[in-house]
Amino acid sequence: MDKQLGYPASADSSPYSGSSPQESGVTWKDFVALTKPGILRSNLIATFGGFWLASGWHIAWLPMLWTLLGTMLVMASSCVFNNYFDRELDTKMIRTRERVLATRRLSPNVVLWYAIALGVLGLGVLAVFSGMLAAALGALGMFVYVIIYTLWLKRHSTWSTSIGGISGAMPPVIGYVAVSQQIDLGAWLLFAMLFLWQPPHFWALGIRRVEEYRAAGYPLLPVVKGIQRTKYQMLPYIALLIPVPILMYTYGYTGLIYTIASVLLSVVWLGMAIAGFKKQDTDKWAKTAFIFSINYLTLSFILMIIDTVHR
C-alpha cells in the first residue's frame, strides 16, 4: 500500500485550479487503475488463504466467492479514496504523477462517488453473505486506511507505515471470520503475519525512493530518521514473523511443510536485512529486499493453503 508525508498544496498551486479535467480521454482502464489492481490481487490471495485455513479443506464455494467479491470491493473503495485524497500529492512524485487524478483526466467528484459506491456495495455484500463480523472488519480496515492512514498519519508521522498495516492485515482475517464467525487464535495469527510483513516490505521501497518522498514532503521513516535507522527498524518486524508459522503448527492449523518452509523464508529475509548494513549499493539491496518480500508473502500463503490441516 502507498504509505507516507506531505501537506495539501495551496489553492493557487493546485493542479485542479483553472480549466476542468479532460474527461473525454477517460477509458474503463482508468477506473480500474484507480482501484490499484496489484494491491487487490495480492490481498485477494490473502483473503482466500484466510477462508481456506478456517474451512480446513471443507470449502463452501459460493460463500467464498461472495467473500472475495465483497472484500475486493471494500479494498477497491479504500484505494480509490486514497487516490482522491492524495490527488495533489501524487503530482509531486515520479511514480504517481501519471495517475488519472494527477493528470486531471477525471474530476475529483466522479472519483469520490465511485469510491463511495464501491464501499457501500462491498460492505453490503460482506454483511449479507459473509456475516456482520466480516463486514465490521471491512469497515475497520477502510477507516484505518482512509482516515487514520491517508488523511492523518501519512501527512504527519513516521508511524503511518506501522499503523497503516492494520488495514493491510484485514483481508485474510475477513476471509477467516466469514467461515468461523469469530475472532480466535487463527484470526490473530493471520493478522500478525500481514501486519508484521508490511513495514519491512514498504520500507525497502521507501529506501529506494527516499528522495522522491523527501521532495513530496512525506514523513516516511527513511526521510525523517535516515536509511540506517530504517534498516534497524526492519529487523524486529521480520524476526517476529518467525514464531507465526510455528504457532500455526502448534495449534493445529497447518502442517510441518508450511512451518519449516515459512520459518526458513523468514530467516533468509532476516539474514538479507542484516546483510544490508554492509552493502555499499543500498539501492540494489533495497530492490532485492523488496522483490523478496513480495515473493515471501506469495509463497507463504500458497504453502499455507497446501498444508492446511484437514478438519
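The rules behind the values
- Residues numbered from 1 in each chain as written.
- Predicted model: local features only at pLDDT ≥ 70, side-chain atom pairs only at ≥ 80, totals over all residues.
- Heavy atoms only, no water.
- Helix = DSSP H or I, 4+ residues; strand = E, 2+ residues; numbered from the N terminus.
- Rg over C-alpha atoms; globule rule 2.2 N^0.38 Å.
- Contact = heavy atoms within 4.5 Å.
- Areas by Shrake-Rupley, 256 points an atom, 1.4 Å probe, with all protein chains shown as cover.
- Core = buried A, V, L, I, M, F, W, Y, C linked by side-chain atoms within 4.5 Å.
- Buried < 20%, exposed > 50% of the residue type's maximum accessible area, 1.4 Å probe, protein only.
- Patch = residues over 30% accessible without salt bridge, like charges linked within 9 Å, V, L, I, M, F, W, Y side chains within 5 Å.
- Salt bridge = Lys/Arg side-chain N within 4 Å of Asp/Glu carboxyl O.
- Axes fitted to C-alpha atoms, helices over the stretch in contact; angles between N-to-C directions.
- Parallel < 35°, antiparallel > 145°, perpendicular 65-115°, else oblique.
- Nonpolar A, V, L, I, M, F, W, Y, C, P; charged D, E, K, R; others polar.

K.L.:
How should I be thinking about the overall build of the protein chain in this particular structure?
P.N.:
Scanning the protein chain from N- to C-terminus turns up 14 helices and zero strands. Computed over the C-alpha atoms, the radius of gyration of the protein chain is 20 Å, within 12% of the 19 Å expected from 2.2 N^0.38 for a compact globule of 311 residues. With the principal axes as the frame, the protein chain shows a C-alpha extent of 60 × 50 × 30 Å. A fraction of 78% describes how many contacts in the protein chain between residues 6 or more apart in sequence connect residues 24 or more apart. Carbon and sulfur atoms form 68% of the exposed surface of the protein chain, whose accessible area is close to 13500 Å².

K.L.:
Looking at this structure, I do not really get the nonpolar core. What am I missing?
P.N.:
In terms of nonpolar packing, the biggest core is built from 79 residues, with Tyr 176, Met 193, Tyr 213, Met 248, Phe 301 and Met 304 touching the most fellow members. Among the elements that line this core, the one with the most residues is helix 8 (residues 185-208), at 14 residues. Residue contacts for Phe 301: discarding those within four places in its chain leaves Ile 45, Ala 46, Gly 49, Pro 172, Leu 190, Met 193 and Leu 194. In this structure, Trp 52, Ile 59, Leu 68 and Ile 305 belong to the second largest nonpolar core, which totals seven residues.

K.L.:
I'm lost on the environment of Pro 172 in this one. Help?
P.N.:
Mapped onto the secondary structure, Pro 172 falls in helix 7 (residues 170-180). Exposure remark for Pro 172: the relative accessible area of 0% places this residue in the buried category. Expressed as a C-alpha distance, the spacing of Pro 172 and Tyr 249, which sit 77 residues apart in the sequence, is 18 Å. Once residues within four sequence positions are removed from consideration, Pro 172 is found in contact with Ala 46, Thr 47, Gly 50, Leu 190, Leu 194 and Phe 301.

K.L.:
I keep staring at a nonpolar patch on the surface and nothing clicks. Help me out?
P.N.:
On the surface, a cluster of nonpolar side chains totalling about 510 Å² of accessible area is made up of Ile 183, Leu 185, Trp 188, Leu 247 and Tyr 251. Here Leu 185 is to be found in helix 8.

K.L.:
Is there a simple way to explain the packing of helix 13 (residues 256-275) against helix 14 (residues 282-306) in this structure?
P.N.:
If you want to describe how two helices pack, look at the angle between their axes and the distance between the axes. Look at helix 13 against helix 14: their axes get within 10 Å of each other, and the N-to-C directions meet at 170 degrees. Viewed along their axes, helix 13 and helix 14 adopt a mutual orientation that is roughly antiparallel. Of the residues in helix 14, those in contact with Tyr 258, Ala 261, Ser 262, Leu 265, Ser 266, Val 268, Trp 269, Met 272 and Ala 273 of helix 13 are Trp 285, Thr 288, Ala 289, Phe 292, Ser 293, Tyr 296, Leu 299, Ser 300, Leu 303 and Met 304. Split into classes, the residues belonging to the contact of helix 13 with helix 14 amount to 14 nonpolar, five polar and no charged.

The values reported here are purely geometric and, on their own, carry no functional implication.
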